[in-house]
Structure formats: structure tokens, C-alpha cells
Amino acid sequence: MKKNPSRYHPALVGLHWLLALLIMLAMGMGTFVLKEIPNASPEKLGALQGHMIVGFAIGALMMARLIVRLRTSHPQVASTGSNALDLLGKGAHAGLYLLVFAMAASGAATALQAGLPQMIFAGSAGSLPDSFAIYTPRVVHGWIAKLLMALVALHVVGVVYHQFGLKDRLLSRMLFGQR
């Protein structure tokens, strides 16, 4: 195993892009679909089921990603030439992990408090509350979603700055190819 390969491990690359897609899907589902369906609507349980499945997958894949990241070698840190920006980049990456795990945990806590696994996956009778805002984890879930969206935007800005401003080919490190 190379000490400092030019690219990330293929499993890490695959997990990165799969998680990026799933996270965007889950945030889009939560923001534009679930939010718009009244809890009294029969469609709500199906939408919640999809959101919960994607959320569970994100949590599991994120754990796998963390394990792969800790067990594989990766390229040297891509410096911007600015200590402050480099520190911001390091903090943003740690924040992405933290917020994604917090989203999964707060979503799971909300589902458990509301009895959703039994209603959605076991077919037990029950009704949804008028609003999930009665559950503290749901309120936290909403705030984390906003923070995560902002951090994802900052991450993309950082990538664009590296790729086109610094022209350091940062994106090539997160693509498949010879390490």
C-alpha cells in the first residue's frame, strides 16, 4: 500500500459519490416531499418509508465510509496556501461526518418516538401526530438539515476553488483510477 497515493481508495471513492447522491435525495425528500404532504394523508406513510430507508442506508454507508477512511491510505492534504482556509477545509470535512451521523441519529430517534417502524414496516395500526415538531429529535433533525445543506454548499465551493481557482486537479483524487 502506497504511503501517499495520488487518489483515494476505490471503496472510499464509490462511497463518497453514492453518499453524496443519497444525502441529496434524502434532503430533497425531506424538504420538498415530506414537508408538503399532510400527516393525515395516506401518502405520508409511503413517503416516510422511503425517507427512512434512505436515511438508514446513509447511516450504514457512512459508518462503512469512516471505517474505510481510517483503514486506507489517502493522498496528502491538498493545501490552499492559506492556513485559515486549510483549517476551514479540515473542519468542514469533520463537520460533514458529524452532521451526517447526527442526521441519521435524530431521524432514527424521531421515528422511534413516533412509532414509525411499527406503523410502516410491521403494519400496526396507529396514526401520525398532527406534526412531528412535538418530538425534540425532529426539531433537531430540521436544524441539522439546514446546517448540513450549508456545509455541503461550502464543500462544493471549496472543491470549485481548488479545481478552477488553484487548478490543482483536486477532483481527480476522488475519481476512480490508478492510485
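Refer to the structure above for everything that follows.
Rules used in this analysis
Residues numbered from 1 in each chain as written. Predicted model: local features only at pLDDT ≥ 70, side-chain atom pairs only at ≥ 80, totals over all residues. Heavy atoms only, no water. Patch = residues over 30% accessible without salt bridge, like charges linked within 9 Å, V, L, I, M, F, W, Y side chains within 5 Å. Areas by Shrake-Rupley, 256 points an atom, 1.4 Å probe, with all protein chains shown as cover. Salt bridge = Lys/Arg side-chain N within 4 Å of Asp/Glu carboxyl O. Buried < 20%, exposed > 50% of the residue type's maximum accessible area, 1.4 Å probe, protein only. Axes fitted to C-alpha atoms, helices over the stretch in contact; angles between N-to-C directions. Helix = DSSP H or I, 4+ residues; strand = E, 2+ residues; numbered from the N terminus. Parallel < 35°, antiparallel > 145°, perpendicular 65-115°, else oblique. Left-handed = near helix turned anticlockwise from the far one by under 90°. Nonpolar A, V, L, I, M, F, W, Y, C, P; charged D, E, K, R; others polar. Contact = heavy atoms within 4.5 Å. Core = buried A, V, L, I, M, F, W, Y, C linked by side-chain atoms within 4.5 Å.

(A) A look at a nonpolar patch on the surface. A contiguous nonpolar patch, built from Leu85, Leu88, Leu154, Tyr161 and Leu166 and spanning about 400 Å² of accessible area, is present on the exposed surface. The class of Leu85 is partly exposed, set by a relative accessible area of 38%.

(B) Focus on the packing of helix α1 (residues 10-33) against helix α2 (residues 43-71). It is at 9 Å that the axes of α1 and α2 come closest, and there the two elements cross at 150°. By the criterion of interaxial angle, the relationship of α1 to α2 is roughly antiparallel. The crossing of α1 and α2 is left-handed. Counted by class, the contact of α1 with α2 contains 18 nonpolar, four polar and two charged residues.

(C) Main features of the environment of Gln76. Topologically, Gln76 is positioned in the loop between α2 and α3 (83-114). Ignoring anything within four residues of it in the chain, the contact list for Gln76 reads Asn4 and Arg173.

(D) Quick look at the nonpolar core. With 26 residues, the main nonpolar core has Leu19, Ile23, Val54, Ile58, Val100 and Leu148 as its most contacted residues. Those elements that provide at least two residues to this core are α1, α2, α3 and α5 (136-166). Not counting residues within four places of it along the chain, the set of residues in contact with Val54 comprises Leu22, Leu25, Ala26 and Met29. Counting 13 residues, the second-largest nonpolar core is a separate cluster that includes Ile37, Leu48, Ile120 and Phe132.

(E) How the structure looks around unusual backbone geometry. The backbone phi angle of Lys167 is positive, close to 55°, even though this residue is not glycine. Considering the arrangement of structural elements, one finds Lys167 in the segment after α5. If you check the backbone angles, Arg169 has positive phi at about 60° while not being a glycine. Tracing the backbone through its elements, the reader meets Arg169 in the segment after α5. We classify Arg169 as exposed; its relative accessible area is 56%.

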